[in-house]
Amino acid sequence: MPGMTNVECHGRQKRLPVAEYNRKQRQLSIVKYYDEMRRLGCFTVQDVAEMVEEQSTITYVVNDYQRKGYIDRIHRNLYAVIDAETGQPVLTRYQIGSRLFPDAYVALYSAFEAWGYAPQICDEVYVATESRFTDFRYNGVFYRQVKRREADVEQMGGALVTGLEQTVVDSIHNCERVAGLERIAECITRLPPLDADKLLGCLERYGKGFLYQKCGYVLEQLQGYVKLPEAFYRACRERCPSTVRYLGKGTGELVYCKGWGIYAPSLNCQQKPWMPADSR
């Protein structure tokens, strides 16, 4: 019928050529995958496998996106999504660090940075995880592994980070090989009031008398800033070893503190307490 023929012809004229249709479908897929990747921030090849319909195209999608600058390889099987405007990863260094492995969290001086209480930003991020990895550099930042232990962790700015009390105890414990005691002390002077019970809980998990000794000494030296109750120091003294110990070997002149039975540097921090706008 003539009428039907016109209708059919009209309908065919609205259809896109096969090549153009395939091109638009590919563009839609690119947008779709990129949006999903951006929502994740960083991802693995396994994540891509859940996005694409054709499993045979997984490697092609990853390689194609890398070539076009949509994504960048961080380490092993982990990729970062790149912001088109800035050319930088959409995630912060701390978000990346806490996503390197399923059990990872940011610790030590890097945790002070993530919370916003560090006096300066270093080019290292300390990542606590049981998964072994060789320290590596990505986007100007060294990611360094430290021992993972049972710890109080919190979400901060989209990253899994040790809580402030945990960060204080961990940092004092590792002060001689990470950051240094003076820099850690400066961070502590910037903190909001600490919870004495949480501090004691962190110390109890370590179960080391020398750590009670170190934390008691350091925090008492900074009492004008931390303002902890006397009960906290009393609890620390009850668990201190009877032997005289040294804190900060090779870091300069040490003085003996009879109350803690420890030789340690004198902490003369002049930093005034400081509270960032996004404090907890």
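Another aspect to go through is the sheet that holds strand E1 (residues 42-43). Taken in spatial order, the 3 strands of this open sheet run E1-E3-E2, and their pairing is antiparallel. The strands lining the two open edges of the sheet, one partner per strand, are E1 and strand E2 (71-75). Sheet topology places E1 next to strand E3 (residues 78-81); 2 bridges connect them, and they run antiparallel. Its bridge partner lying in E3, Cys42 is registered against Ala80.

Looking now at the confidence of the model for the protein chain. Per-residue pLDDT for the protein chain averages 83, and the proportion of residues at 70 or more is 83%. Averaged over each element, pLDDT in the protein chain is lowest for helix H1 (residues 2-14) (42) and highest for strand E4 (residues 105-106) (98). Contacts from residues 1-25, a stretch scored under 50 in pLDDT, to residues over four places away or in other chains number 2 contacts. Across residues 271-280, confidence stays below pLDDT 50; counting only partners more than four residues off in sequence or on other chains, it has 25 contacts.

Before going further, it helps to spend a moment on a nonpolar patch on the surface. Taken together, the side chains of Val244, Tyr246 and Tyr256 make up a nonpolar region of the molecular surface, amounting to roughly 280 Å² of accessible area. Inspection of the secondary structure puts Tyr256 in strand E11 (residues 255-257).

So, on to the pattern of salt bridges. The tally for this structure, following the rule as stated, stands at 11 salt bridges. The partner of Arg148 in a salt bridge is Asp103, with the nearest N and O atoms 3.8 Å apart. In this pair, Arg148 sits in the loop between strand E7 (141-146) and strand E8 (153-156) while Asp103 sits in the loop between helix H5 (93-97) and E4, placing the two residues 45 residues apart along the sequence. The exposure class of Arg148 is partly exposed, given its relative accessible area of 30%. Arg144 is the partner of Asp135 in a salt bridge, and the nearest nitrogen-oxygen pair spans 3.3 Å. Judged by relative accessible area, Asp135 falls into the partly exposed class, the value being 38%. In the salt-bridge network here, residues are joined through shared partners; they are Asp64, Arg67 and Lys68.

Bridging between E2 and E3 involves 4 bridges; their strand directions are antiparallel. For Asp72, the partnering residue across the bridge sits in E3 and is Ala80. The antiparallel pairing of E2 with E3 creates a hairpin that spans 2 residues between the two strands, and Arg76 there sits at a positive phi of about 50°.

So, about the packing of helix H7 (residues 164-173) against helix H9 (residues 196-206). Packed helices, taken two at a time, are described by the angle between their axes plus the distance between the axes. At a closest axis distance of 8 Å, the pairing of H7 and H9 adopts a crossing angle of 45°. In terms of axis orientation, H7 runs oblique to H9. As for the relative orientation of H7 and H9, their crossing is right-handed in sense. Across the interface between the two elements, Glu165, Gln166, Val168, Val169, Asp170 and His173 from H7 touch Lys198, Leu199, Cys202, Leu203, Arg205 and Tyr206 from H9. In the contact of H7 with H9, the residues fall into 6 nonpolar, 2 polar and 4 charged.

Thresholds, definitions, all that
- Residues numbered from 1 in each chain as written.
- Predicted model: local features only at pLDDT ≥ 70, side-chain atom pairs only at ≥ 80, totals over all residues.
- Heavy atoms only, no water.
- Pairing = 2+ DSSP bridges.
- Helix = DSSP H or I, 4+ residues; strand = E, 2+ residues; numbered from the N terminus.
- pLDDT = per-residue confidence, 0-100.
- Contact = heavy atoms within 4.5 Å.
- Patch = residues over 30% accessible without salt bridge, like charges linked within 9 Å, V, L, I, M, F, W, Y side chains within 5 Å.
- Areas by Shrake-Rupley, 256 points an atom, 1.4 Å probe, with all protein chains shown as cover.
- Salt bridge = Lys/Arg side-chain N within 4 Å of Asp/Glu carboxyl O.
- Buried < 20%, exposed > 50% of the residue type's maximum accessible area, 1.4 Å probe, protein only.
- Axes fitted to C-alpha atoms, helices over the stretch in contact; angles between N-to-C directions.
- Parallel < 35°, antiparallel > 145°, perpendicular 65-115°, else oblique.
- Left-handed = near helix turned anticlockwise from the far one by under 90°.
- Nonpolar A, V, L, I, M, F, W, Y, C, P; charged D, E, K, R; others polar.

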